[in-house]
Amino acid sequence: MDALQAISKRRSIRSYKNEQIPDSALEKILAAGSCAPVAGSFQMSVIQNPELLKKINDITKKAMLSSGIPFSVERASLPGYEPLYGAPTLIVLFSPEGSPTGPANASCAAENMLIAATALGLGSCYLASPRMAFDGEDGVALAREAGIPEGFSFNCAVIVGYTKDDKLFSRNREDIKITYIK
Ligand SMILES: Cc1cc2nc3c(=O)[nH]c(=O)nc-3n(C[C@H](O)[C@H](O)[C@H](O)COP(=O)(O)O)c2cc1C
């Protein structure tokens, strides 16, 4: 699959098989993330420990339900909704607190990883929702548990795994406008 095919084939996958991805695929995905444009530093942590994945999932869901944000409450209230969608691999991206370029660095790396996962035949999804866990009451302790050093803030996350079902939410491109000035 070439780069343009992988970019156009990528979709947010929200249902995963209970099977871990090979380490060789994980290393390729992380290498793709490390090749992204970057202005400053960021930190990635790979979480494959089932207990910690469940903990992050459950804290995120609880925080979504009590957030008062209508979209988050509605989504987290859907029957069977799990914010990490049962994915066996979670990659969290953090950057130095207050870094003006941190979120952009992390997002560039995340997108590279989503495209790499697609090219490897794996499902993936960009996630902002774990912010609710890492910015929450016990977020600092959770970040330490997730291998993130002190002084870093959550930017985004990527989940990866084997696709079980890709139909949970539809794709919406109506808001994207392109202007040509030639
Ligand atoms: C900034 C950002 C935050 C997102 N956060 C979440 C999230 O927390 N949970 C989720 O399921 N999808 C999340 N997404 C994925 C979008 O919902 C998805 O990209 C969008 O619906 C378009 O669908 P597609 O990725 O299949 O093209 C996020 C995407 C972006 C860019």
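The rules behind these values
Residues numbered from 1 in each chain as written. Predicted model: local features only at pLDDT ≥ 70, side-chain atom pairs only at ≥ 80, totals over all residues. Heavy atoms only, no water. Pairing = 2+ DSSP bridges. Helix = DSSP H or I, 4+ residues; strand = E, 2+ residues; numbered from the N terminus. Axes fitted to C-alpha atoms, helices over the stretch in contact; angles between N-to-C directions. Contact = heavy atoms within 4.5 Å. Phe/Tyr/Trp six-rings, centres within 6.5 Å; stacked < 30°, edge-to-face > 60°. Buried < 20%, exposed > 50% of the residue type's maximum accessible area, 1.4 Å probe, protein only. Left-handed = near helix turned anticlockwise from the far one by under 90°. Nonpolar A, V, L, I, M, F, W, Y, C, P; charged D, E, K, R; others polar. Salt bridge = Lys/Arg side-chain N within 4 Å of Asp/Glu carboxyl O. Core = buried A, V, L, I, M, F, W, Y, C linked by side-chain atoms within 4.5 Å. Near = heavy atom within 4 Å. Polar contact = N/O pair within 3.5 Å; in protein donor to acceptor, adjacent residues only side chain to side chain. Areas by Shrake-Rupley, 256 points an atom, 1.4 Å probe, with all protein chains shown as cover.

Concerning the sheet that holds strand β3 (residues 123-127)
Taken in spatial order, the 4 strands of this open sheet run β1-β2-β4-β3, and their pairing is antiparallel. Every interior strand has two partners, whereas the edge strands, β1 (43-47) and β3, have only one. In this sheet, neighbouring strand axes are inclined to one another by 20 degrees on average, regardless of whether the strands run parallel or antiparallel. Pairing of β1 with strand β2 (residues 89-96), which is carried by 5 bridges, proceeds in the antiparallel orientation. Residue pairing in the sheet places S45 in a bridge with V92 of β2. Sheet strands in contact with helix α2 (residues 23-34) are β1, β2 and β4 (152-161), and its direction is about 165 degrees off that of β1. Helix α5 (residues 102-119) rests against β1, β2, β3 and β4 of the sheet, and its axis sits at about 5 degrees to β4.

Considering the packing of aromatic side chains
Summed over all chains, the structure comprises 4 aromatic pairs. Measuring from ring centre to ring centre gives 5.6 Å for F94 and F154, while their planes differ by 90 degrees; the resulting arrangement is edge-to-face. Placement of F94 in strand β2 and of F154 in strand β4 is noted, with a sequence separation of 60 residues between them. Note on F154: relative accessible area 2%, which makes it buried. With a centroid separation of 5.6 Å and an interplanar angle of 10 degrees, the aromatic rings of F134 and F154 are classed as stacked.

Quick word on the packing of α2 against α5
Where α2 contacts α5, the axes come no closer than 7 Å and their chain directions differ by 145 degrees. Crossing of α2 against α5: the hand is right-handed. Residues I29, L30, A32 and G33 of α2 form the contact with α5, whose own contacting residues are A109, N112, M113, A116 and A117. Tallied by class, the residues present in the contact of α2 with α5 amount to 7 nonpolar, 2 polar and no charged.

Digging into the pattern of salt bridges
Pairing between side chains becomes possible if they bear opposite charge and their charged atoms approach one another. Throughout the structure, instances matching the rule amount to 3 salt bridges. Here K55 makes a salt bridge to E145, at a shortest N to O gap of 2.7 Å. Remark: E145 occurs in helix α7 (residues 139-145) and K55 occurs in helix α3 (residues 50-65); sequence separation between them is 90 residues. The closest approach of N and O atoms between D135 and R131, which form a salt bridge, is 3.3 Å. Judged by its relative accessible area of 33%, R131 falls in the partly exposed class.

Observations regarding the nonpolar core
Ranked by size, the top nonpolar core spans 27 residues in total, and within it I47, I56, L90, V92, F94, F134 and I159 carry the most contacts. Beyond its immediate stretch of four places on either side in the chain, L90 contacts S45, V46, I47, L53, I56, L84, A157, V158 and I159. Membership of the second largest hydrophobic core comes to 20 residues, among which are A25, I91, V158 and V160.

So, the site of the ligand
Inspection of the region around the ligand gives R10, R11, S12, R14, Y85, C125, Y126, L127, A128, S129, R171 and R173 as its neighbouring residues. Measuring from an oxygen atom of the ligand, one finds a side-chain N or O atom of R10 at 2.9 Å. A distance of 2.5 Å separates an oxygen atom of the ligand from a polar atom in the side chain of S12. Against a free-state accessible area of 620 Å², the protein chains account for coverage of 67% of the ligand.

The quantities given are spatial measurements derived from coordinates; they are silent on function.
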